[in-house]
Amino acid sequence: MTTPLLSLQGLTKAYPGVVANDQVSFDIGEGEVHALLGENGAGKSTLVKMIYGLVKPDSGTMTLRGQPFAPAEPRAARADGIAMVFQHFSLFDALNVAENIALGMENPPPMGDLASRIREVSETYGLPLDPYRTVGDLSAGERQRVEIIRCLLQDPKLLIMDEPTSVLTPQEVNILFETLNKLRSEGTSILYISHKLEEIRTLCDHATILRLGKNVGECVPSQTSARDMAELMVGSTLQTPERAGREFGEVALDVSGLSVPSPSEFGTALKNVHMTVRKGEVLGIGGVAGNGQDELLGVLSGEILTTADAIKFNGQPIGKLGPTARRKLGVLTAPEERLGHAAAPDMSLTENALLTGSVRESLENNGFLKWAETKNFAEKIIKAFDVRTPGPENAARSLSGGNLQKFVIGREVMQDPDVLVVNQPTWGVDAAAAAAIRQAILDLAAKGTAVVCISQDLDELMEISDSFAALNEGRLSAPRPTSGLTVDEIGLMMGGAHGMEVAHV
Amino acid sequence: MIVLEKRPQPSKAWSYATPLVAVVATMIFGGVLFAILGKNPIEAIGTIFWEPLFGEFAFYYRPQLLVKGAPLVLIAIGLSLGFRAGIWNIGAEGQYIMGAIFGAGAGLAFYPLEAWYIFPIMVIAGAFGGWLWAMIPAFLKVRFGTNEILVSLMLVYVAEQMLASVSLGLLKNPEGFGFPGSRNLQSYDSAHNAELIAGSGMHWGVVTALIAVIFAYILLNRHMLGFHIRLTGEAPRAAKFAGVNPARLILFCLGLSGALAGLAGMFEVSGPSGVVSIDFNVGYGFTAIIVAFLGRLHPVGILLAGGLMALTYIGGEIAQSQLGLPAAAIQVFQGMLLFFLLAFDLLTNYRIRAARSEVA
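Structure report, in brief. Keep in mind the model is a prediction, meaning the values are calculated, not measured. Numbering of residues starts from 1 in every chain and runs along the sequence as written. Each chain takes a letter, starting from A, and each ligand takes a number, starting from 1, following the order in which they are written. Local features in this predicted model are restricted to residues whose pLDDT is 70 or higher, and side-chain atom pairs enter the listing and the counts only when it is 80 or higher, whereas totals over whole chains, interfaces and linings include all residues.

## Some thoughts on the nonpolar core
Filter applied, for reference: Among buried residues, those of type Ala, Val, Leu, Ile, Met, Phe, Trp, Tyr and Cys that are joined through C-beta atoms within 7 Å form a set called a nonpolar core. For the exposure call, what matters is how many other C-beta atoms sit within 10 Å of a residue's own: 20 or more marks it buried, 12 or fewer exposed, and in between partly exposed, using C-beta atoms placed from the backbone. Helix and strand assignments follow DSSP, with helices taken as H or I runs no shorter than four residues and strands as E runs no shorter than two, numbered in order from the N terminus. Where each domain starts and ends follows an automatic or database-derived domain assignment. Contact definition: two residues whose C-beta atoms, as placed from backbone geometry, lie within 7 Å.
One finds I160 of chain A together with V73 and I75 of chain B to be the most contacted residues of the largest nonpolar core, which totals 235 residues. The leading source of residues in this core is helix 4 (residues 58-84) of chain B, at 14 residues. Two domains each put at least three residues into this core: domain 1 (6-234) and domain 2 (251-493) of chain A. Non-local contacts of I160 of chain A, meaning those with residues more than four positions away in its chain, are made with V48, I51, Y52, I82, A83, M84 and L191 of chain A.

Structure representation (C-alpha cells):
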C-alpha cells in the first residue's frame, strides 16, 4: 500500500463544554478528492483548522508523506504545501485581483510578473480571470476564483475547500468541478468540506463522515446512496416532510411593480418585483445571497415601507403599513438573522415571544403587558417545536442556533398567520430540526396559509415549494411551478453563471 | 494567562453583587489614597460614610441627604430610560437650568400675588422648560440625524449663558441693590417649595422623585412602551422588526428626561436654593449620569445610588472641613466608584478563567 499524503491519527480537540473532535483518524491519499461530511457543529471546521495550523490539537498526531506534521501556524502549513479556500472570502473590494493576491504572499514578485503568473495559472486551470479587475466588481463565483488562484500559486499538495458551493449557482458549480477534476488529474489532493450530498457523490473519491466530533464512518460516495450518507451524518432515520395534495385558494399576497432603493450602502435595491401567492401555496424564492433577500423580507414585514398599492393582502393595500399593523391583519415574517433581528439576544424567551406575539396573542391590555399569558405563549412554542431549553426565562443567546431557529419560526407559526414569509428558515440548523421546520411550514400551507420561503438551499426549495422564483440583483424572475423544473433552468433563473466565462479545460 | 469567557447568559447574582463589590473596592482604594495623603484612612472613610448618617450632627445632615439626593434621582430616572434605549442625553444640566428659569420665571410673573395655583403653574412651566430644551437635540436627531450627545452637551453651555443673562437682566431682583440674582422664592409663599415636614428635608421634589421611581419601574416592567425602550437598546433591528417607531421613541425618551431634569431644576430653585443666580447650577445634571449607571439603569438601583452619591457628597464635605482632605481627593474618590462599578460590571456577562497559552 502506498503512503497516504496526509494521515491523521487520533486527533482530539476540546473546548470548554464541548469536545469538538474526539479521536478522529483518517487518511487522504495522493491525488484524491476526499470529502469531509457532517452537520453544522459536527467538528469539520475545527478539524480543518488543525490541519491548517490555526488550532493546535490537544492530542493526536498528523503525518505528511510519512513525516511528522505539526504546523504551529498557517504559514508553516502553507510552507508544507497545504492551502485553504475559506467559506468567507478575505478580499479587499477596493483593490484589484493581483493586488489582493500579492497581499497574501510572503515575498510578492513585481506586479507585472505576478499578473502574468496569474494569467498563466488561471488559463491552465480553466479559471479565466483578469488580474487588473477590481475585486468589488466581481461576482461571488469570480471572487472564489481569486481565492483558488491565490492557493494554486503556492503549488499546493493538498487544497482544502470549505463549503465552496454555498455561494454559487448550479452553472458555476459545474465550472468549479471541472477545475477540481483537472487538479486531481495532476496529482493534487483535495479535502472537500460540504453537507451537500449530491455534490459529494459526483465529485469525491472517498468520504469521511463526522458526527458530534467523532469519525462515524467512511464510504465511497459514488457507491453509496445520498440517503445512507445522510443517515450516517444525522445518526438516525431521516423523515422526509410529507405534503398532502392540495388545492390553492384565492390570491392572498399580491406584490406588483415593487421597486425600493437600497436601504443601506451595502444593500440591494429591489427592481420591479411582481409575485402573487395563493392561499395554501408555498412560493420558494431562490438566489445567491446578497441579491435582495433581506430587502424583500423587510418590505414584506413592514420594516421598509413602499407605496400602498405595491403590496396587497387579500386585495387590501398594505405597502404603507408598519409591522404591527401587518401582524394585526395576519401577515407574519421571520427574518434570516436570528440574533439581533428576529430575536433580542440578551432577552428571555418570554420577552422574545412578546416581540412579535403581542398583537395576535393579545398579550397586552392598553399597553400593559400580560406576563403570565406571555410566558404561557413562550412555553407553548417551546413544547410544540421541541425547543431544547431549561425554560422560557433563559436568554435567547443561550440557545443553540437550531433551537433558537425553531423558536423563532414556531413563534410565527403558532400565531396562525394568513401569510407567512420566512428567510432561510433552516440556515445552520441540524437535519432533524430542519425537517421539523419544513414540516411545520407545509402543515401551515395545508391549512390555507400563503407561504413565501426565501432560501439559498435549492434542495429545500424543491422539497417544499409549489412554485419557484429566483432573485438576481434585486429582480425577481417570473414564478414557475416547481414540478418539472430542471437544475439547469433553476440555474438560469438565478442568473446563470453571472457572466462568468466557462472553463476551457 | 487570564482570559475572559462570555457567559451563556448574564449572571443574576453578579448583576446584584457588582454595586456592592464596587463600593467595597472604592473604600479600599480610596483608603489607600487617603493614607498616601497622610490621613488616617479608616477615619476618613468613616467620616464620609458614617458621620452624615449616625454622627453627632446627623440631625442636620440627614435632611441634606434628601435635598441632595432628590434632584439626582429625578434626573437620573429620566436619563436611564433614554440610556436603556441607546439614546444619550448628556445635557441634563442644561435642561435642569432651563427648568429652573422657566419655573422661577412663571412664579415671579405673578409676584406679589398670593394664590394656590401659582406653584402648580411653576411645576408645569419647569417641566416644560426642560422638555423644550431637550426637544432641540431630539428634533435635530430625528429630522437631520445629528448626534444627540454633542447637541445636548453643547446646549448646556448655551443654557449657562441664558442663566447668566436672566440673573443679570430679566429676572434680576429690582430690590436687590444691583446685585445679580432674582428675588428669593423662599420668601414668596405661593412660590415656595417648602419642606412638607419642617426639618425633614422632605420637599415636593423628593416626593416627585419617589413617584418617578415607581412610574419608571412600572413603565419598564409592565408596559409595552418600556419593553420597546429596552428592546431598542438591546437590539435595534429587532425593535424595528417588532414595530417600534425609532423617531417616536427618541422624542419620548429625550422629552421625558428633559422634563424630569426641568422639574428637578424648578424644585431646587423654588426650595433649597431660592434664587436664580449665575452659579445656581452645581452639576447635578452631570452627576446624575453617574447615578444612573451606578444604579444599573434600574429605577430602584437609581434610588439607592442617588442616596449613596448624596452621602459621598455630604460626607466628602465633612471630611474636607474636619480632616482637611482636598476637594480633589473627594472627586477622585467619587470617580473611583464609577470606575469600579463599570469594571466589575464585566463579570455580569463574562467569567474570568485562567487559560493555558495556545497558538491561535
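So much for the structure itself; the text now carries on.
## Observations concerning the interface of chain B and chain A
Operational definition: By the convention adopted, Pro, Cys, Tyr, Trp, Phe, Met, Ile, Leu, Val and Ala count as nonpolar, Lys, Arg, Asp and Glu as charged, and the other residues, Gly among them, as polar.
At the interface, 20 residues of chain B touch 30 residues of chain A. When grouped by side-chain class, the residues that make up the side of chain B that touches chain A number 11 nonpolar, 3 polar and 6 charged.

## Focus: the sheet that holds strand 12 (residues 270-278) of chain A
Residue and element names in this part refer to chain A. The following threshold applies: For two strands to be treated as a pair, DSSP must find at least two bridges joining them.
In spatial order, the strands read 12-11-14-15; together these 4 strands make up an open sheet with antiparallel pairing. This sheet does not close on itself; its edge strands, each paired only once, are strand 12 and strand 15 (316-317). By the bridge criterion, 3 bridges tie strand 11 (residues 251-260) to strand 14 (residues 311-313) in an arrangement that is antiparallel. Looking at strand 14, one finds that V255 is bridged to I311.

## Here's the deal with unusual backbone geometry
That bond from Y111 of chain B to P112 of chain B is cis: its omega, 5 degrees, falls within 30 degrees of zero. For P112 of chain B, the position within the fold is in the loop between helix 5 (92-110) and helix 6 (118-144). Even without being glycine, D416 of chain A reaches a positive phi, approximately 60 degrees. The residue D416 of chain A is located in the loop between helix 13 (401-413) and strand 19 (419-423) in this model.

## Considering helix 6 of chain B
Definition in use: For a helix, the expected span equals 1.5 Å multiplied by the residue count minus one.
Across its 27 residues, helix 6 of chain B extends 38 Å between first and last C-alpha, which sits within 8% of the 39 Å expected from 1.5 Å per residue. G145 of chain B, located one to two residues past helix 6 of chain B, shows a positive phi value of around 70 degrees.

## As for the sheet that holds strand 6 (residues 82-85) of chain A
Residues and elements named next belong to chain A. So the rule is basically this: Lines fitted to the C-alpha atoms define the axes, with helices restricted to the stretch that makes contact. Angles between their N-to-C directions range from 0 to 180 degrees.
Read from one edge of the open sheet, 6 strands run 6-7-8-3-9-10, paired in mixed fashion. Unpaired on one side and paired on the other, strand 6 and strand 10 (214-219) mark the two borders of the sheet. On average, each strand axis in the sheet is tilted by 20 degrees relative to the strand beside it, whichever way the strands run. Running at roughly 150 degrees to strand 7 (residues 158-162), helix 1 (residues 44-51) makes contact with strand 3 (33-37), strand 6, strand 7, strand 8 (189-194) and strand 9 (206-211) of the sheet. Packing of helix 6 (residues 170-185) onto the sheet brings it into contact with strand 3, strand 7 and strand 8, and relative to strand 8 it is tilted by some 145 degrees.

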